[in-house]
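Chain and residue survey
One-letter residues, chain by chain:
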Amino acid sequence: MKTLKAIGALLLLAAMVPAAAQERTTMGVQYQYGLPMGGFKNSLIKDGSPRGASIDIQYAINPQWRIGGALGYQDFYQKNPRQTYKMSDGSDISAVVTNSVQSTALMAKGSFLPLGADSSRLQPYITLGVGANMVQYSQLLGEFGSSDDVWIRMAAQGGAGIQYALGAKGQTALTLGAVYNYMPLNQAGIKNINNLAVQAGVRFILRNNGRGGRSNGDVWQQRRPNHYDRGW
Amino acid sequence: MKPIRILFALMASVFLVQGCKKDPIKNLDTEERRIYITNQDETANFASYNTFSIAENVVVVDGNNSQQQLTPADQAYLDAFRAAMESRGYTQVSKTASPDLGVQVSRIIRTSTGIMSVPDYFGYWDPFYWGSGFGSGFGGWGAPPFWSTTTYQVREGMLAFDIIDLKNATTNNNLKVIWNGMIRGAGLGNASSAPSQVSQLFEQSAYLRK
């Protein structure tokens, strides 16, 4: 339900963007591969996760800076080989222990493009984000659940990457990058779920064709692309 | 493509990704679904016992009711346990030959769902088989106090193996369960996997030997 609310907030944010500003508003969609780091990797889940994605909406406030919001999701899973565990009451339990962690993070996000309004199709970028992270954690002993919890904690991230504008209009760009997610937890013996997300995706300009925004033709006729005007 | 369409497409993508969450239970095979729990009376000296006898039937416990049964799977578990005891140096004798240890195998059936606390099971002995002078059934004064409050969600029945101290029953004036093993999860009625399941109980109970 919280995820739905977060998606709703992003939709509302997009809807509130004035039509004239939509030329400078972009939406990014990234597939991401999550790699547990540090204590998360050493004590709970060491396997990388191919089950992740993120979306963001950003507004270009000047040629070098964009601000907006982002929603990211990653599903971590680890099945451990059967092992015998000594319990505090003296009993021994042999079980295949499975740990499952889902992270859904909603963040305010800022991006910096060092090349600014440069017309190059290839643009490096740096991102910073801070917000809230909903962590769902479950642990199974065999088919029997021993833990099933949900917590909300702060989260922050920093990342870098490159984007490459496609086509003559340059309305879409491919993106490739990585973000380090700092996600403290301090629950159930889990200090954090810090991870590195390698991302690949696309970025679109949110347009408002025929409703007051600049027309496709206007952009098309520009002889020299200006990425700032297009939200890049 | 209009922005609203893009947004709906993205929303659908997020739902799709959420649906891709790996289901932990679906990724377990039958063997992996089972858990094996063993416990011992810390005061028992397992090397001090020489002989054992094992009940010919499995006691099926359903709530407060119990009855004896012997399905092919039950027989497989009894045979496997007998072989495991002998591999640990104990000698099987008949019940009338004053065995040091009695072995009772029980199938616990729970018809209700919910959370079952491990202390619900304190070991079981059949008074009609081992003698009625020392109480019977769940708990009683012979119940070992070694269970904690750990809880597990019960989805189906479990198999319980109890080793009872018959050698010191008169001295102690009670029948004492000195070792208990439980198997819970999927595939409990599978005769072919009975030996490996029983083997796991003994593997994690290295102290259980003559």
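Residues numbered from 1 in each chain as written. Chains lettered and ligands numbered in written order. Predicted model: local features only at pLDDT ≥ 70, side-chain atom pairs only at ≥ 80, totals over all residues. Heavy atoms only, no water.

**Considering empty space enclosed by the protein**
Residue and element names in this part refer to chain A. Applying the stated criterion to the full structure yields five cavities of 30 Å³ or more. Within this model, the largest cavity holds a volume of roughly 170 Å³. Of all the elements in the fold, those that place two or more residues in the lining of the largest cavity are β3 (65–79), β6 (97–112), β9 (172–182) and β12 (195–205). Class assignment of the residues belonging to the lining of the largest cavity gives a composition of seven nonpolar, 10 polar and one charged. Reported here for the second largest cavity is a volume of approximately 100 Å³. Contributing elements (two or more residues each) for the lining of the second largest cavity: β2 (52–60), β6, β7 (122–141), β9 and β12. Top contributing element to the lining of the second largest cavity by residue count: β9, with three residues. Of the residues assigned to the lining of the second largest cavity, the class counts are two nonpolar, eight polar and four charged. (1 Å grid on protein atoms, 1.4 Å probe; cavity = no way out; pocket = protein on both sides within 12 Å on 5 of 7 lines; lining within 4 Å. Points joined across faces, edges and corners; volume = space filled by probe spheres on them. Helix = DSSP H or I, 4+ residues; strand = E, 2+ residues; numbered from the N terminus. Nonpolar A, V, L, I, M, F, W, Y, C, P; charged D, E, K, R; others polar.)

**Comments concerning helix α6 (residues 194–203) of chain B**
Among the residues of α6(B), those classed as buried are Ala194(B), Gln197(B), Val198(B), Gln200(B), Leu201(B) and Phe202(B). Looking at the buried residues of α6(B), the elements they touch are β4 (83–86) and β5 (92–95) of chain A together with β1 (35–40), α3 (72–87), β9 (158–165) and β10 (176–184) of chain B. (Buried < 20%, exposed > 50% of the residue type's maximum accessible area, 1.4 Å probe, protein only. Contact = heavy atoms within 4.5 Å.)

**Remarks on the nonpolar core**
Grouped together as the largest cluster of nonpolar side chains are 30 residues, with contacts concentrated most on Phe81(B), Met85(B), Phe161(B) and Ile163(B). Mapped by element, the contributors of at least two residues to this core are β2 (51–54), α3, β6 (101–109), β9, β10 and α6 of chain B. Beyond its immediate sequence surroundings of up to four residues, Ile163(B) is in contact with Phe81(B), Met85(B), Leu101(B), Gly102(B), Val103(B), Lys176(B), Val177(B), Ile178(B), Trp179(B) and Leu208(B). Formed by 15 residues, the second largest nonpolar core is a distinct cluster that contains Ile45(A), Val101(A), Met107(A) and Trp151(A). (Core = buried A, V, L, I, M, F, W, Y, C linked by side-chain atoms within 4.5 Å.)

**Considering the sheet that holds β7(A)**
Residue and element names in this part refer to chain A. Strand order in the closed barrel formed by eight strands is β1-β2-β3-β6-β7-β8-β9-β12, and the pairing between neighbours is antiparallel. Pairwise comparison of adjacent strand axes, ignoring direction, gives a mean angle of 25° for this sheet. Both strand β1 (residues 25–36) and β12 contribute to a ladder of 11 bridges, which runs antiparallel. The residue bridging Thr 26 from the neighbouring strand is Ile 205, located in β12. (Pairing = 2+ DSSP bridges. Axes fitted to C-alpha atoms, helices over the stretch in contact; angles between N-to-C directions.)

**Concerning the packing of aromatic side chains**
Throughout the structure, instances matching the rule amount to nine aromatic pairs over all chains. Their ring planes at 20° and their centres at 6.2 Å tell us that Tyr137(A) and Trp151(A) sit as a pair that is stacked. Note that Tyr137(A) is positioned in strand β7 and Trp151(A) in strand β8 (residues 144–166), a separation of 14 residues in sequence. Look at Phe81(B) and Phe202(B): their rings are 5.0 Å apart centre to centre, the planes differ by 65°, and that puts the pair in the edge-to-face class. (Phe/Tyr/Trp six-rings, centres within 6.5 Å; stacked < 30°, edge-to-face > 60°.)

**Remarks on the side chain of Gln74(A)**
Residue and element names in this part refer to chain A. Here Gln 74 lies in strand β3. Only 3.2 Å separates the side chain of Gln 74 from the side chain of Gln 32, close enough to count as a polar contact. A distance of 2.9 Å separates a polar atom in the side chain of Gln 74 from the backbone oxygen of Ser 49. (Polar contact = N/O pair within 3.5 Å; in protein donor to acceptor, adjacent residues only side chain to side chain.)

**Comments concerning unusual backbone geometry**
Most peptide bonds adopt trans geometry, and most residues besides glycine take a negative phi value. Backbone geometry at Ala188(A) places phi at a positive 50°, although glycine is not the residue there. Structurally, Ala188(A) can be placed in the loop between β10 (184–187) and β11 (190–192). On the basis of relative accessibility, which here comes to 52%, the residue Ala188(A) falls in the exposed class. With a phi angle near 50°, Ser98(B) is a residue other than glycine that sits in the positive phi range. Position of Ser98(B) among the secondary structure elements: in the loop between β5 (91–92) and β6. A residue is classified by how much of its surface remains accessible, and Ser98(B), at 60% relative accessible area, is exposed.

**Quick notes on the environment of Leu113(A)**
One can find Leu113(A) in the loop between β6 and β7. Separated by 11 residues in the primary sequence, Leu113(A) and Pro124(A) have C-alpha atoms spaced 6.2 Å apart.

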